[in-house]
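Descriptive analysis of the structure
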Amino acid sequence: MTPNFLKYTDGLMPVIVQDINTLEVLMLGFMNEAAFAKTKEEGKVTFYSRSKQRLWTKGETSNNFLLVKEILVDCDEDTILIKAEPQGPTCHTGDISCFGKANDIFSLQHLEQVIVDRKNNPSEKSYTASLFAKGINKIAQKVGEEAVEIVIEAKDDNKELFLGEAADLMFHYLVLLQAKGFSLADVTKVLEERHKK
């Protein structure tokens with residue numbers, strides 16, 4: 001939700017963009033009223049570029065768009081926080097964040113992006129790409145096999161084997177989600193809705 005009145009300074013307002021899934025701060029930019037309106041209308045973060053003196057949609061040349069999921073305004077109504085789903089690296093350097101090499105930090109969201117990349121850019125050496133090549137039935141079968149294996153390990157007291165099977169199940173589950181056209185965020189949304197009940 002955004003109020004009807006926003007306090008721009010010299011026609012601009014600072015905008016912080018945060019990854020909706022990891023809550024990582026991705027970048028800082030500025031918006032004028034036109035950029036804010038275009039962002040709300042098109043669902044892609046659009047800034048006012050002070051160097052180019054024009055509206056600039058993040059990703060307009062790289063296709064690494066920031067898809068708007070939520071817009072928040074601080075208590076003074078002079079700073080915007082946008083929670084977005086990045087469609088690739090945010091920084092022009094290739095990093096996920098403009099604030100450093102955040103892509104060195106492992107997360108399930110990072111793993112999911114790797115899986116998406118293997119799906120969209122398959123190579124013969126990639127195990128993940130080979131799963132997608134086998135089709136949905138084989139992927140689903142693999143998830144079932146991993147689920148059985150974690151149940152078996154749960155009955156024993158071998159921490160390493162149990163955690164290894166848990167990791168295998170999680171990985172193949174993420175592959176299955178992508179094969180079905182869904183993401184971890186879609187599942188999280190369902191859990192969030194259930195949590196509200």
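Scroll up to find the structure this text is about.
It should be emphasised that the depicted structure is a prediction, and the values quoted were computed from it without experimental measurement. (Residues numbered from 1 in each chain as written. Predicted model: local features only at pLDDT ≥ 70, side-chain atom pairs only at ≥ 80, totals over all residues. Heavy atoms only, no water.)

1. Description of the nonpolar core
Using the following cut-off: Among buried residues, the Ala, Val, Leu, Ile, Met, Phe, Trp, Tyr and Cys ones that are joined through side-chain atoms within 4.5 Å form a nonpolar core. For every residue, the accessible area obtained with a 1.4 Å probe (protein chains only) is divided by the maximum for its type, and the residue is called buried under 20%, exposed over 50%, and partly exposed between those limits. Helix numbers and strand numbers start at the N terminus; a helix is a DSSP run of H or I with at least 4 residues, a strand a run of E with at least 2. Every residue pair with non-hydrogen atoms within 4.5 Å of one another is taken to be in contact.
Of all hydrophobic cores here, the largest spans 16 residues; its most connected members are Val17, Met31, Val45, Ile80 and Ile82. Only β1 (13–19), β2 (25–31), α1 (33–42), β5 (66–73) and β6 (80–86) provide two or more residues apiece to this core. For isoleucine 82, the residues in contact, after removing those within four places along its chain, are Val15, Ile16, Val17, Gln18, Met31, Thr39, Val45, Val68, Glu70 and Ile71. One finds Leu111, Ile115, Leu177 and Leu184 within the second-largest nonpolar core, a separate group that totals 12 residues.

2. Comments concerning the packing of helix α2 (residues 108–120) against helix α3 (residues 127–134)
Which entries qualify depends on this criterion: Structural elements are reduced to axes, namely lines fitted to C-alpha atoms, with helices fitted over the stretch in contact, and the angle between N-to-C directions of any two is expressed from 0 to 180 degrees. By definition in this entry, angles of less than 35 degrees are roughly parallel, angles greater than 145 are roughly antiparallel, angles of 65 to 115 are roughly perpendicular, and the rest are oblique. For a crossing to be left-handed, the near helix must be turned anticlockwise from the far one by less than a right angle; the clockwise case is right-handed. Gly counts as polar in this scheme, as do all residues outside two lists: the nonpolar Ala, Val, Leu, Ile, Met, Phe, Trp, Tyr, Cys and Pro, and the charged Asp, Glu, Lys and Arg.
For the pair α2 and α3, interaxial distance at closest approach is 8 Å and the crossing angle is 60 degrees. Regarding the angle of α2 to α3, the classification is oblique. As α2 runs across α3, the sense of the crossing is right-handed. On α3, the residues that touch Ile115, Arg118 and Lys119 of α2 are Thr128, Ala129 and Phe132. Of the residues in the contact of α2 with α3, the class split is three nonpolar, one polar and two charged.

3. Side note on the packing of aromatic side chains
In plain terms, the rule: Between rings of Phe, Tyr and Trp, where Trp is taken as its six-membered ring, a pair exists when centres lie within 6.5 Å; planes separated by under 30 degrees are stacked, by over 60 edge-to-face, and by other angles tilted. Any Lys NZ or Arg CZ that is within 6 Å of a ring centre and within 35 degrees of that ring's normal is treated as a charge sitting over the ring.
Throughout the structure, instances matching the rule amount to two aromatic pairs. Between phenylalanine 47 and tryptophan 56, the ring centres sit 5.7 Å apart and the planes meet at 25 degrees, which makes this aromatic pair stacked. In this structure, lysine 44 packs its charged tip against the face of phenylalanine 65, placed 3.9 Å from the ring centre.

4. What about the sheet that holds β6?
The test is simple: At least two DSSP bridges between two strands are required for those strands to pair.
Within the open sheet, the four strands sit side by side as β2-β1-β6-β5. Their pairing is mixed. Every interior strand has two partners, whereas the edge strands, β2 and β5, have only one. Each strand axis lies, on average, 30 degrees off the axis of its neighbour in the sheet, ignoring direction. In this sheet, β6 lies alongside β5 in antiparallel orientation, the contact comprising seven bridges. Across the sheet, the residue bridging to valine 73 is isoleucine 80, located in β6. Contacts from α1 reach β2, β5 and β6, with the element oriented near 130 degrees to β2.

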